[in-house]
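# Structural overview
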Amino acid sequence: MARRHPARDDHPTSGTGDAGASHRAHPNGVADGTDGAESGGARGIGRRRFLGYVLAAPTLTVAAQLGAEALAPREAAAAAPALIPSLPGPAELLDLNELLTLAALPTSNLITIRLDADGTAHFALPRAEVGQGVTTSSAMIVAEELDLPLDKVKVTLADARPELLFNQLTGGSNTTYSTYTPIRVAAAVARGRLLQAASLVLGEAVGTLTTKAGAVVSPAGALLGYGELAAKAAALTDTAVHVELKDRADFRVIGTGQRRVDALEAVTGRKKFAMDLQVPDALPTMVCRPPTINGTVRSVANLAEVRALPGVTDVVTVSTGVAVRGRTFGQCVDAVRALRVDWGPGTAEGASDATVLEKLRRAELPLVVPPLPLLTKAVDARFTFHFASNAALETNCAVADVRADSAEIWASLKAPIVAQEEIALKLGLPVPAVRVHVTEGGGSFGRKLFHDAAHEAAEISRAMGKPVKLMWHRTDDFRQGRTHPMSTSRVRATYSLGEVLTYEQRHTSVATDFGHGIGEVLTAEAARLPVADLTFSETMFQLTQISPYHLGVTTQLLAETDKGFNTGSMRNIYSPNVRCAQELVLDELAQRMGQDRYAMRRRLLKDARARAVLDKVAEVGEWGRSMPAGTAQGIAVHTEYHSAVAILAEIDCRPETTGRKIPGAYTGPRVTKVVCAVDVGLAVNPRGLEAQMMGGIADGIAITLTSGLHLKDGHFLEGSWDQYFYTRQWNTPPELEIVVMPPTGDKPGGAGELAVAGAMAAVACAYGRATGTMPTVFPVNHAEPLAFTPLPTVPPVPASPTDGRDRAL
């Protein structure tokens, strides 16, 4: 795999991980370089001048105080030479990322950095680390503004803190966008206080001192380590101070490719996840779940028999099934399989792909612009996107210890405040009596926005009166876990004389559960109300969907139906499906109008940054090169959350490729090459950004070609990863190139979900060109005969395998 970082004169492309260059103090105790902000006289807050706090504490502890000025202003999109421009959509005026950031600003002063006597800076990040690398990027931001070596910054995950309100939600690719300035301000406050403390110790004017690699340096070369100054820089009372932030030209850490701060722990097995915690008396626990989605327990025929099985300590009925606690998880599996339960119906009883598709067709909103054959021509298409699993590599799990007057929970949670408040409500306890610890997670893709496992563990612990270490079986995750909802997109685009006149898209989806709200219980409950849930979904749709092209009069609307499924905001929510449908229609328009697909997109794009990434992948990927029959290129653009990505994909659909035989595997068409160009404004960690793009590309390939759930008789047939055909080694592109574009702004945009939609669309377009038929059902292999034998639904989980070594060969 090749990586490419275009040369940039105004931004460092390499670094050692610490703030190697010295940083001189401003005579007033703030950094040199006003960059347009006032440096003396009035103390107003300019473009880089911010208000922060030194908090009363035994050692230096600081926080930021921000207003709406912390949001980067929107820049007007460069005019595109389209004949019929489109009006900006709602998300082009205010998107979900900005909404979440505005909601978080009022409590930004509650997020603190503490400097200890050993010179280490500690930051409790009020977000979840689920593999996306936010602990690394956050540590880099602290290290940059504090002039501290990266290995002297320790980032942990904050427990649930209800006082943060909307400021403890991880989602919408928002973490770095929303925390970038608050972290910088707090670190700058700390640095200013250290300089002042050093000035008193050394008897030197603050303006003569510099900081470097965790120390204050005098003109004579005297060094005072931050640890020596931590107590002296502390405050007896909360004190407001003004600070100025570094110029981007002075960055030595931000913008350099860094290894993850947890990389060594991850590869050596020392990294701690929820199931690695040793909570006293918390024993392995599993749940016997119903054969259909959300079924209920009527009765259990052999409770006494199962309680007597080896290692089993407790068996109780709970709202989601029958819970079993034992000495080992293997004993729990045996007990779950031994239970004889009479199950009541679920919420999707008898449902199948066909019945859900019929409901979606009935709920579809009408198109408005009629075909006018004498004046215009039209592309009419309808796309179907089947259910997709929201399962992460780490299954749902949580540890719970519920007592009569308190509860303690450990889990990977993206909305821990909602978890704390709803568990407290369930247990009848005051919120402060429920402590929720956020652990690092092994993947999420939106799954951990919901606290299903934590809620269930609390219920089981209360019923048993004992601590529990709950883990879902992999089969539980696929059949009873969260899914990306099945949906359809109806599209009509009219055109005449080589120009697109109108574009209508009616996206119809099984209801997406937004029961996590925007991070606290009020919006979480509002999102579940009978009418408000649709309003919430429509709001989320409009705040995330951007058509990057001038397509004349453009409307994109959402309708939802059927709330009987466990759904969620799987990575990129609606965007992969919506973008895929639009890009396929663009390909069809280009073909009918006799235009090159790349050239037409370039002409119609609204935004110069989007045009730049499109040009880059066309150049690097050699758009238009001659390829054998049965192979083809596809190209697509996606803009979201102040970022832009373009992807060029090449696919091989020849029989010798689609007919490959690999034991126990599904092969099918293979994406042979991907070129991705990404512009996030300012990449804090380009190396981490590359990893995000790689993961998003793998997701996009999967949901286009092979990864989907089959619904039959009220349950999903897939029961494990060996039946759910995510992108595997034999289907990953042998050629993959990520181009991180030079900085186009002073602040990072969202990146965590960005590549999924672009990759899905580019792969779908390549598939259509290679086969000569525009794909309309996704994944494209969904209608093929099953490539696996479904596991039984009773018992709900398979026996523990004994042939692991054979499968590994």
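Look above for the structure.
Residues numbered from 1 in each chain as written. Predicted model: local features only at pLDDT ≥ 70, side-chain atom pairs only at ≥ 80, totals over all residues. Heavy atoms only, no water.

## Some remarks on the sheet that holds strand β22 (residues 468–471)
Judged by pairing direction, the sheet is mixed, and its 7 strands sit side by side in the order β14-β15-β12-β22-β19-β20-β21 without closing on themselves. Each end of this open sheet is capped by a strand with a single partner; those strands are β14 (312–318) and β21 (434–438). Strand-to-strand twist across the sheet, computed as the mean angle between neighbouring axes with direction ignored, equals 20 degrees. Inspection of the sheet shows strand β19 (residues 397–402) paired to strand β20 (residues 407–411) by 4 bridges, in the antiparallel sense. Across the sheet, Val399 pairs through a bridge with Trp410, a residue of β20. Running over the sheet, helix α8 (residues 329–338) touches β12 (283–288), β14, β15 (321–326) and β22 and is turned about 25 degrees from β12. Packing against the sheet, helix α11 (residues 452–464) makes contact with β12, β14, β15, β19, β20 and β22, and its axis sits at approximately 35 degrees to β19. (Pairing = 2+ DSSP bridges. Helix = DSSP H or I, 4+ residues; strand = E, 2+ residues; numbered from the N terminus. Axes fitted to C-alpha atoms, helices over the stretch in contact; angles between N-to-C directions. Contact = heavy atoms within 4.5 Å.)

## Quick word on the pairing of strand β3 (residues 49–54)
Burial analysis of β3 places 5 of its 6 residues in the buried class, which makes it a mostly covered element. As defined by bridge partners, β3 adjoins strand β11 (residues 239–244) across 6 bridges and the pair is classed as antiparallel. Considered in β11, the bridge of Arg49 is made with Glu244. Where β3 meets strand β4 (residues 61–65), 4 bridges bridge the pair, whose relative direction is antiparallel. Note on β4: the bridge partner recorded for Leu51 is Gln65. Once β3 ends, the chain turns through 6 residues before running back antiparallel as β4. (Buried < 20%, exposed > 50% of the residue type's maximum accessible area, 1.4 Å probe, protein only.)

## Quick word on unusual backbone geometry
Omega for the peptide link from Phe778 to Pro779 comes to -5 degrees, which places this bond in the cis form. That bond from Val794 to Pro795 is cis: its omega, -5 degrees, falls within 30 degrees of zero. Take Pro795: it is sitting in the loop between β33 (777–778) and α21 (804–808). In this model, Asp562 sits at a positive phi of 60 degrees, which is unusual for a non-glycine residue. The topology assignment puts Asp562 in the loop between β26 (553–561) and α15 (575–592). When its relative accessible area of 17% is taken as the criterion, Asp562 is described as buried.

## Some details on the pairing of strand β27 (residues 631–640)
Of all 10 residues that make up β27, 10 are buried, and the element is covered over most of its length. Both faces of β27 are covered, namely the face carrying Thr631, Gln633, Ile635, Val637 and Thr639 and the face carrying Ala632, Gly634, Ala636, His638 and Glu640. Note that β27 and strand β28 (residues 643–652) share 10 bridges and pair antiparallel. Across the sheet, residue Ala636 finds its bridge partner in β28, namely Ile647. Where β27 hands over to β28, the hairpin turn is made up of 2 residues, of which Tyr641 adopts a positive phi near 55 degrees.

## Digging into a nonpolar patch on the surface
Residues Leu93, Leu94 and Leu102 make up a contiguous nonpolar surface patch of roughly 250 Å² in combined accessible area. Summarising the element assignment, Leu94 is placed in the loop between α1 (90–93) and α2 (96–104). (Patch = residues over 30% accessible without salt bridge, like charges linked within 9 Å, V, L, I, M, F, W, Y side chains within 5 Å. Areas by Shrake-Rupley, 256 points an atom, 1.4 Å probe, with all protein chains shown as cover. Salt bridge = Lys/Arg side-chain N within 4 Å of Asp/Glu carboxyl O.)

## Considerations on the sheet that holds strand β25 (residues 499–510)
Read from one edge of the open sheet, 5 strands run β26-β25-β24-β17-β33, paired in mixed fashion. Each end of this open sheet is capped by a strand with a single partner; those strands are β26 and β33. Pairing analysis gives 2 bridges linking strand β17 (residues 377–385) to β33, with the strands arranged parallel. Pairing of Thr384 across the sheet is with Val777, part of β33.

## What to know about the environment of Val674
Positionally, Val674 belongs in strand β29 (residues 670–679). Residues Val674 and Ile635, spaced 39 residues apart in sequence, show a C-alpha to C-alpha distance of 9.8 Å. Beyond its immediate chain neighbours, meaning those up to four positions away, Val674 contacts Ile647, Leu648, Ala649, Ile697, Pro733, Glu735, Leu736 and Glu737.

## Looking at the packing of helix α16 (residues 597–604) against helix α17 (residues 608–620)
Relative orientation of the contacting elements α16 and α17 amounts to 165 degrees, with a least axis distance of 9 Å. Relative to α17, the element α16 lies roughly antiparallel. Viewed along their axes, α16 and α17 form a crossing whose handedness is left-handed. Of the residues in α17, those touching α16 at Tyr598, Arg601 and Arg602 are Arg611, Leu614, Asp615 and Ala618. (Parallel < 35°, antiparallel > 145°, perpendicular 65-115°, else oblique. Left-handed = near helix turned anticlockwise from the far one by under 90°.)

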